[in-house]
Amino acid sequence: MKITGFSRTTFYRRVKDGDIPCVRAIHRWIFHRETLIAWREKLLAPSRSAP
């Protein structure tokens, strides 16, 4: 949650929706730090579709 800046509720809602990259292992969610950082950078990157 610290990496993404989302509240706990928003974070887990987005995990459940499949928006945040992670893996479900038995009863735990596993997140790879570098993958989350890359995902956040991609999300925050300015759109390059300018005319």
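Residues numbered from 1 in each chain as written. Predicted model: local features only at pLDDT ≥ 70, side-chain atom pairs only at ≥ 80, totals over all residues. Heavy atoms only, no water.

The name that an unreviewed UniProt entry assigns to the protein is Helix-turn-helix domain-containing protein, with the source organism given as Nannocystis pusilla.

Student: Residue-level account of the environment of Val 23, with values.
Tutor: Turning to its location among the elements, Val 23 is positioned in strand β1 (residues 23–25). In sequence terms Val 23 and Arg 13 are 10 residues apart; their C-alpha atoms lie 15 Å from each other. (Helix = DSSP H or I, 4+ residues; strand = E, 2+ residues; numbered from the N terminus.)

Student: Please provide a residue-by-residue account of the pattern of salt bridges, values included.
Tutor: Pairs can form between side chains of opposite charge once their charged atoms are near each other. Evaluated as defined, the whole model comprises two salt bridges. For Asp 19, the salt bridge identified is with Arg 14, shortest N-O distance 3.4 Å. Take Asp 19: its relative accessible area is 36%, and that puts it in the partly exposed class. The shortest N-O distance in the salt bridge between Glu 41 and Arg 40 comes to 3.1 Å. (Salt bridge = Lys/Arg side-chain N within 4 Å of Asp/Glu carboxyl O. Buried < 20%, exposed > 50% of the residue type's maximum accessible area, 1.4 Å probe, protein only.)

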